[in-house]
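# Fold and geometry: a report
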Amino acid sequence: MGNRLLIQLMLACIIWCACQVESEETTIPDEFVMKLFKLIQDDQKNNLMLSTQKPPFYRRPGLYTSLTKNNFHGKPNSAVGRTIGVFDNNLFTTNFINTMLLEAYYRGRAPAPSSEQLRMPLDLVPIFMDQNKPYESSIAAYWPMAFDEKTMFWRSNSENHLALFDLLKTIQQLPLYDTLSFLGYSDFADFIKYFEKLGHELLTIAFIPMDTDCTVINLGVGSILLQGKDKFPLAWEQWKGYNTNLSSALDSIKDYSYRPFSGDSDSSSIDPRSYYVFRHFLDEAKAAGKDVALPTTWTQSRKELSWQKDKGMAMYRNVNNVCLGVTANTVYGITSSILSGLVNISVLDDPLLAQIYHNSSALLLHSLANNMTGRPDLALVYYPSRVQVEWFISRSLAKLEDAVSNGPLPSPVLGFVYKSLKAAMRVHATQRLVEAAQAGSGNTLFFEEFLGTDDFSATGASIKTGEDRIFSTGMALNVLINSWTSFDSKRGTLKWVTGTPHTVKLTVSRTAAWLTQNTFSGKYRPGGAFFAGSYKWESTWPNYYPGNRYQFYNGTTIHDWKTQKPNSSTSFFMEGYVSPDSYSAMLGQTWFGGPTPRDFHGYNAEKKPFFAYWESEPLTYTITMQGLSMYRNIEE
Ligand SMILES: *[C@@H]1O[C@H](CO)[C@@H](O)[C@H](O)[C@H]1NC(C)=O
Ligand SMILES: *[C@@H]1O[C@H](CO)[C@@H](O)[C@H](O)[C@H]1NC(C)=O
Ligand SMILES: *[C@@H]1O[C@H](CO)[C@@H](O)[C@H](O)[C@H]1NC(C)=O
Ligand SMILES: *[C@@H]1O[C@H](CO)[C@@H](O)[C@H](O)[C@H]1NC(C)=O
Ligand SMILES: *[C@@H]1O[C@H](CO)[C@@H](O)[C@H](O)[C@H]1NC(C)=O
Ligand SMILES: *[C@@H]1O[C@H](CO)[C@@H](O)[C@H](O)[C@H]1NC(C)=O
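Residues numbered from 1 in each chain as written. Chains lettered and ligands numbered in written order. Predicted model: local features only at pLDDT ≥ 70, side-chain atom pairs only at ≥ 80, totals over all residues.

## Focus: the overall build of the protein chain
When you go through the protein chain residue by residue, the secondary structure sums to 22 helices and 18 strands. Taken over C-alpha atoms, the radius of gyration comes to 25 Å for the protein chain, in line with the 26 Å a tight globule of 636 residues would show. With the C-alpha coordinates of the protein chain rotated into their principal frame, the extents come out at 85 × 60 × 55 Å. Residues counted as buried form 49% of the 636 residues belonging to the protein chain. A fraction of 79% describes how many contacts in the protein chain between residues 6 or more apart in sequence connect residues 24 or more apart. (Helix = DSSP H or I, 4+ residues; strand = E, 2+ residues; numbered from the N terminus. Rg over C-alpha atoms; globule rule 2.2 N^0.38 Å. Buried ≥ 20, exposed ≤ 12 C-beta atoms within 10 Å, placed from the backbone. Contact = placed C-beta atoms within 7 Å.)

Right, here's the structure in full:
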């Protein structure tokens, strides 16, 4: 009898709890979504009007705003530096925004972008493509390409940054420079000095090769335009016209892949930082007799480097790396291209491409399951905001989940990737996000990364600006929805996958509630570090990590490690595989004067030298709009 009462009581409790969950549903008015949509559209229009300005203020028509900033933080005189940014003419940000707008339209029934909005940036596609190849190529670049008459070679042109470097040089000669320190802005003065000191190195960073990330993001754009070709026929035709040889993109993923066990000197070489952070994955593979092939960042081999550098195109520190963000985007590029029909499923008959796709998803799962070995600063070479890589991965999972709900996946490799990403997102990323969520006012939850978390007032009191809260919370909302819903193409709505935990649903609705309450409250800036350079401070210096090859970029070995210090002409890297025992011994040594940095204390732990990050308000708004419109479109 007593037991029965207990059971009835428990049942009542469960029903009551379930009702509580439902009653917490957040309502997002149409006007709210419309307001976000307008802000994004207006940003592109405003840039169109300002596009006639000269470097360092030049804006290419069609691009949304994306600013390069530096992570100044601490005292007010320093933190104010985060308000200064330079307009960066990259297609990467705009590609993300337009892709997200289309995704929001399909999966969230958000307003459709205008065909003009889609078309303008597509006009720019050719200048962001590899022009040095004797054939049509879809290998893409972060910055526009410019032809250098002297070398008869197309190379990357970061436009505003080059003009800015000159400007900073000039400033250092002016009386203003001393005044800066005198007025208490010593961080700025130090920053300018740092720029000057780094001068030569900065130029090598500006003249980067084409890269895998931009190449696979372009595949994502093509995939979604193909999906929407009935609604946006002109945009699709235009993209297709510029991308007549997609095998060049897929070939580049293979040609520059990292294959540590290949025995080939070029493909088995990698940045010592990447080896350090991913070595446990390699150790496990080696022990199990499994091979490894992974996408790298740069589409440049060491052989190509040896002559392309003289023409002004080289990887930072003359070596390639593996970044989890790039890995996740590669998985998305391949997944979306196949599932949309942009490329034939038979591309996976190529064993190397199939292996890269397979091993990439295994690395993503391994990294999320192991907290990125506590070193997101090395694992996420270009994406300091951790929630962002989770977002990248969740986008592939959503695509695969949609496909699964319509029938069996077209290849066992896709099945493997699906299984790996499901575990990565539904177990590890979900757990991390649920733990990372912070309580806002009322029943709301928010997320934040690192911008504005380490500032203080003149008297030393801590100031939390919450500068990347909208960005991080919007992204977390997208991650959870992408990971736990599938799209019902008949009804045009999203539904929770069977067995979605209540905690997830609750986190989603409370996150949506925070965004509704705060996006336009004026309390928080729509900031967010969506991109960064690989070098952030001394502990991200590649030559403090164990390596076994030291040479000039032309391939000539350097024997004297003591007196010949690494510089922009040298290349230090890890070739092949090193057993855990040997690696431990290497970790006990110092490398070019430094012990290997073992710990990461957050992106604000080091005050200098003000690492560069990229921020885009329209991207923040797009992410928020996509998250909220998908949330509205979930049918219980
Ligand atoms: C397409 O790209 C590949 C390189 O990946 C190249 O070998 C081939 O010639 C190109 N085809 C055309 C038609 O340009
Ligand atoms: C994919 O390629 C195969 C041949 O490799 C061909 O039989 C098939 O029709 C192609 N599928 C599509 C959708 O083009
Ligand atoms: C990499 O992929 C291949 C399949 O193409 C597989 O045989 C191998 O085991 C994978 N390696 C790892 C570490 O999962
Ligand atoms: C994960 O790594 C971060 C450093 O990025 C560290 O602060 C955190 O404590 C780690 N979490 C766990 C569960 O080990
Ligand atoms: C490579 O560069 C080094 C340093 O500039 C030079 O000493 C060496 O002769 C060069 N090797 C070749 C093969 O050009
Ligand atoms: C780099 O170091 C090498 C050897 O120490 C030296 O010959 C070369 O001039 C240096 N290059 C630059 C750009 O500093």
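## Looking at unusual backbone geometry
A cis geometry characterises the amide bond from proline 55 onward to proline 56, with omega recorded as 5°. Unlike most non-glycine residues, asparagine 318 shows phi in positive territory, near 60°. Inspection of the secondary structure assignment puts asparagine 318 in the loop between α13 (302-308) and α14 (324-340). Classification of asparagine 318 as buried rests on a count of 25 C-beta atoms within 10 Å. The phi dihedral of phenylalanine 592 is positive, around 50°, even though this residue is not glycine. Here phenylalanine 592 is to be found in the loop between β15 (590-591) and β16 (594-595).

## What to know about the site of ligand 6
In the vicinity of ligand 6, the residues found are Gln564, Asn567, Ser568, Ser569 and Thr570. Among the residues forming the shell around ligand 6, the class breakdown is no nonpolar, five polar and no charged. (Near = placed C-beta within 6 Å. Nonpolar A, V, L, I, M, F, W, Y, C, P; charged D, E, K, R; others polar.)

## Thoughts on the sheet that holds strand β1 (residues 67-70)
Remark on secondary structure: sheet strands pair via backbone hydrogen bonds, oriented parallel or antiparallel. An order of β2-β1-β17-β12 is seen for the four strands of this open sheet, with the pairing classed as antiparallel. Each of the sheet's edge strands pairs with one partner strand only, and the pair in question is β2 (86-87) and β12 (531-532). (Pairing = 2+ DSSP bridges.)

## What about the nonpolar core?
In globular proteins that are soluble, nonpolar side chains generally tend to be buried together. If you look at the biggest cluster of nonpolar residues, it comprises 157 residues, and the most contacted ones within it are Leu364, Ile393, Leu421 and Leu480. Other than its neighbours up to four places away in sequence, leucine 364 contacts Leu324, Thr327, Ala328, Val331, Ile393, Ser420, Leu421 and Ala424. (Core = buried A, V, L, I, M, F, W, Y, C linked by C-beta atoms within 7 Å.)

## As for the packing of helix α18 (residues 412-436) against helix α19 (residues 469-484)
Packing of α18 against α19 brings their axes to within 11 Å, and their N-to-C directions diverge by 150°. For the element pair α18 / α19, the angle class is roughly antiparallel. Judged by the sense of rotation from one axis to the other, the crossing of α18 with α19 is left-handed. For the pair α18 and α19, contact is made by Met425, Arg426, Ala429, Thr430 and Leu433 and by Ala476, Val479, Leu480 and Ser483, respectively. (Axes fitted to C-alpha atoms, helices over the stretch in contact; angles between N-to-C directions. Parallel < 35°, antiparallel > 145°, perpendicular 65-115°, else oblique. Left-handed = near helix turned anticlockwise from the far one by under 90°.)

## A look at α18
Side chains of residues three or four places apart in an α-helix project in the same direction, reflecting 3.6 residues per turn. Taking 1.5 Å per residue, 25 residues should reach 36 Å; α18 reaches 34 Å between its end C-alpha atoms and fits that length. Along its length, α18 reaches its greatest deviation from straightness, about 35°, at alanine 429. If you check which residues of α18 are buried, you get Leu414, Val417, Tyr418, Ser420, Leu421, Ala424, Met425, Arg426, His428, Ala429, Thr430 and Leu433. Against α14, α15 (351-369), α17 (386-404), α19 and α20 (502-518) lie the buried residues of α18. (Expected span 1.5 Å × (residues − 1). Bend = angle between axes of the 7 residues up to and from the residue.)

Geometry only, nothing functional implied.
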